Amino acid sequence: IVFSGNGPSGICLSYLLSGYTPYFKRHSLHPHPILQRKLEEAPEVSVLDQDLEYLSEGLEGRSHSPVALLFDTLQRPDTDFGGTAESVLTWWHEPDRAIPHLVLGRNAPGGAWHSIEGSMVTLSKGEWMGLPDLPFKEWLKQKRRGLRNNRATAEDIAQYYQHYVMKKGLQKNFRCGTFVTSVRKVSAESLSNHTQKDLQEDNDSLWNSNEKSTEVFQVDGFFKTTEGNKEPFSIHAENVVLATGTYDNPTWLGVNGENLSYVHHQLSALEEAVKNNSVGIMSDPVLIVGAGLTAADAILFAHHCNIPVIHVFRRRVTDPGLIFNQLPKMMYPEYHKVHQMMKEQTAACAGPYERYISLPEHHVLSFGKDKKCIFQDKNGCQKAYKISMALVLTGSNPNLSFLPNDGIDLAVDSDQPVSPKRNPIDVDPFTYECTQEKGLYALGPLAGDNFVRFVQGGALAAASSLLKKANKNPP
């Protein structure tokens, strides 16, 4: 089995395929009485070997995935009600159930968490960022640190994921510095005459010929050596797991001038500009486009540095779909502050916040070479502003260029590109296997699971399915 992606989804699945097996902890009490009754029916059978559809039936919560809700509530039974009840799972290491697998990733284990500005604070509560059987809070305590407002920094998260892989002894399955360039089906017969170049040092073959399987996946790519050289590799596997997340491809507006050098699509560009003193208190305003959390982080950063900001977004400030209208004020005071600025500081009426103008229900028409940007409001009125730089922070999409047709054929709507929120890969909800391509699995944002606490259910579903295929489930 080969995974493409070594973020939280890939790490969690590697743990489950390395023989670590969850059982219902005897004498523990789950606050959901129907689930408790189901768990008591067969405590000697691992959760991986039970009927996940039956166990997850009737569960409700903040995810559309039944298995994500199941695994989350088994690990954090009453967390949505502010409770701190212990997990009702106990973990046993059963090495004979391990399945050989490789986890390929560009960065160190943790995926895109290594690319995010380290001081950024997570949206989710710190304990929701944890992986099975190693609570994040416990790890943080060992570092003699506490959680600020119950939340953690991106640097903490990235370090925790690296520590998790080492602590659980998973590092032998991970190959960092690898770039996958192609995943495609090939006929098994055509491979019998070729020797397989393998990424594993011990030369254990990853692909054991199975008479039933007439086609396998060929995964091609290159490995970046410490000297910076590219070494090509080609692996064959009966099953491939896509867990690449969505951080790779920032969304573009598709307007004139968007490719000019002062227009950026990542928050890091603003941090870089501040470091280089190319923007500051006396600059023309920085334009921030978007009304999500990354845009809010950019506004907070600029506000902190006294940099003037023009903030443009398409929605109404009161739109219930706006993320700020869904966050509890007490837990997210800084985002609540941004929301207040958006409401109170429009171009039409000056508010209490200096160096910030909000333009709700506006969109960008064009960026000019002279750094003049033209906007249009809902009535068709146009305005021009001179800016120092622009940050278009309207989300990101996965880069699936290594799949045939960019993976579009695998999506729920096979006429549109894959998008975590609008058009995820179509998977079976209880195995996470792609409905259009057997043997291919998709986890995390690619399958529509966008929070670390919920990506783990997809790993549970995929592990259960892969163990059945490998006949590693006890009868």
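Residues numbered from 1 in each chain as written. Predicted model: local features only at pLDDT ≥ 70, side-chain atom pairs only at ≥ 80, totals over all residues. Heavy atoms only, no water.

The name given to the chain in an unreviewed UniProt entry is Oxidative stress-induced growth inhibitor 1, with Phainopepla nitens as the source organism.

Bringing the nonpolar core into the picture now. Counting residues in hydrophobic clusters, the biggest one holds 81 residues, and the most contacted among them are Leu13, Leu242 and Ile425. The dominant element in this core, judged by the number of residues it contributes, is helix α10 (residues 452–469), at nine residues. Once you skip the residues sitting within four places of it in the chain, leucine 13 turns out to touch Phe3, Val241, Leu443, Ala459, Ala462 and Ala463. (Core = buried A, V, L, I, M, F, W, Y, C linked by side-chain atoms within 4.5 Å. Buried < 20%, exposed > 50% of the residue type's maximum accessible area, 1.4 Å probe, protein only. Helix = DSSP H or I, 4+ residues; strand = E, 2+ residues; numbered from the N terminus. Contact = heavy atoms within 4.5 Å.)

Before going further, it helps to examine the environment of leucine 253. Tracing the backbone shows leucine 253 in the loop between β12 (249–250) and β13 (263–264). Remark: the alpha-carbon pair of leucine 253 and serine 366, spanning 113 residues in sequence, is separated by 9.7 Å. Excluding anything up to four places from it in sequence, leucine 253 contacts Glu258, Val289, Val364, Phe367, Val392 and Thr394.

Of the two faces of strand β14 (residues 286–289), the one carrying Val286 and Ile288 and the one carrying Leu287 and Val289 are both buried. Here β14 pairs with strand β15 (residues 309–312) via four bridges, running parallel. Within β15, the position partnered with valine 289 by the bridge is valine 312. Between β14 and its parallel partner β15, the chain crosses via helix α8 (residues 293–304), and the hand of that crossover is right-handed. Across four bridges, the pairing between β14 and strand β20 (residues 389–392) is parallel. In the sheet register, valine 286 faces β20, and the bridge partner there is methionine 389. (Pairing = 2+ DSSP bridges. Right-handed = clockwise from strand over helix to strand, strands pointing away.)

Where helix α2 (residues 33–41) is concerned, the buried positions are Leu35, Gln36, Lys38 and Leu39. The buried residues of α2 occupy one face: seen down the axis, they fall within an arc of 165 degrees. As for α2, its buried residues are in contact with β2 (20–24), α3 (52–56) and α4 (66–75). (Arc of directions from axis to C-beta.)

Before going further, it helps to examine the pattern of salt bridges. Charged atoms that come close allow side chains of opposite charge to pair. In total, this model carries 12 salt bridges according to the counting rule given. For glutamate 437, the salt bridge is made with lysine 185, and the minimal N-O distance between the two is 2.8 Å. One end of the pair, glutamate 437, is in the loop between β21 (396–397) and β22 (440–442); the other, lysine 185, is in strand β8 (residues 178–187), with 252 residues separating them in the sequence. For glutamate 437, a relative accessible area of 24% translates into the label partly exposed. For glutamate 433, the salt bridge is made with lysine 469, and the minimal N-O distance between the two is 3.0 Å. Taken together, the positions of glutamate 433 in the loop between β21 and β22 and lysine 469 in helix α10 put the pair 36 residues apart, joining distant regions of the chain. (Salt bridge = Lys/Arg side-chain N within 4 Å of Asp/Glu carboxyl O.)

What follows concerns the packing of helix α7 (residues 268–275) against α8. Put simply, α7 and α8 touch, their axes get as near as 10 Å, and they point 15 degrees apart. When the axis of α7 is compared with that of α8, the two are roughly parallel. The handedness of the crossing between α7 and α8 is right-handed. In this structure, α7 uses Leu270, Glu271 and Val274 to contact α8, whose residues at the interface are Ala298, Phe301 and Ala302. (Axes fitted to C-alpha atoms, helices over the stretch in contact; angles between N-to-C directions. Parallel < 35°, antiparallel > 145°, perpendicular 65-115°, else oblique. Left-handed = near helix turned anticlockwise from the far one by under 90°.)

Another aspect to go through is the packing of aromatic side chains. Overall, the coordinates contain 10 aromatic pairs when judged by the stated rule. When the centroid spacing of 4.3 Å and the interplanar angle of 15 degrees are considered together, the rings of tyrosine 15 and tyrosine 20 count as stacked. With a centroid separation of 5.4 Å and 55 degrees between ring planes, the pair formed by tyrosine 160 and tyrosine 161 is classed as tilted. Accessibility classification places tyrosine 160 together with tyrosine 161 in one group, the buried group. Ring pairs connect the aromatic residues Tyr15, Tyr20, Phe71, Trp91, Phe136, Tyr160, Tyr161 and Tyr164, which therefore count as one cluster. Lysine 38 extends its terminal NZ or CZ atom over the ring of tyrosine 54, reaching a point 4.7 Å from the ring centre. (Phe/Tyr/Trp six-rings, centres within 6.5 Å; stacked < 30°, edge-to-face > 60°. Lys NZ or Arg CZ within 6 Å of the ring centre and 35° of its normal.)

Moving on, we get to the sheet that holds β20. As summarised here, the arrangement of the five strands in space is β13-β20-β14-β15-β16, forming an open sheet in which the pairing is parallel. Both edges of this open sheet fall to β13 and β16 (356–359), since each of them pairs with a single strand only. Looking at chain direction, β15 and β16 are connected through four bridges and run parallel. Residue pairing in the sheet places isoleucine 310 in a bridge with isoleucine 357 of β16. Most of the contacts of α7 go to β20, to which it runs at about 155 degrees, and overall it touches β13, β14 and β20.

Strand order across the open sheet formed by three strands is β17-β18-β19, with antiparallel pairing between neighbours. In this open sheet, the two strands that pair with only one neighbour each are β17 (362–367) and β19 (382–386). Averaged over neighbouring strand pairs, the angle between their axes works out to 30 degrees when direction is ignored. With five bridges connecting them, strand β18 (residues 372–377) and β19 associate as antiparallel partners. Note on β19: the bridge partner recorded for phenylalanine 375 is lysine 383.

Time to look at unusual backbone geometry. One non-glycine residue, aspartate 133, adopts positive backbone phi at about 65 degrees. Position of aspartate 133 among the secondary structure elements: in the loop between β5 (121–125) and α5 (136–142). In the Ramachandran plot, tyrosine 432 falls in the positive-phi region, its phi being about 65 degrees despite a non-glycine side chain. Inspection of the secondary structure assignment puts tyrosine 432 in the loop between β21 and β22.

The next thing to look at is the side chain of glutamate 258. Along the chain, glutamate 258 falls in the loop between β12 and β13. Polar contacts involving the side chain of glutamate 258 include one to the main-chain amide nitrogen of glycine 254, which spans 2.6 Å. The residues contacting glutamate 258, other than those within four sequence positions of it, are Trp252, Leu253, Val263, His265, Phe367 and Val392. (Polar contact = N/O pair within 3.5 Å; in protein donor to acceptor, adjacent residues only side chain to side chain.)

Along the chain, serine 4 turns up in strand β1 (residues 2–4). In this view, serine 4 contacts Leu104, Val180, Val241, Leu242, Ala243, Thr244 and Phe402; residues no more than four positions away in its chain are not counted.

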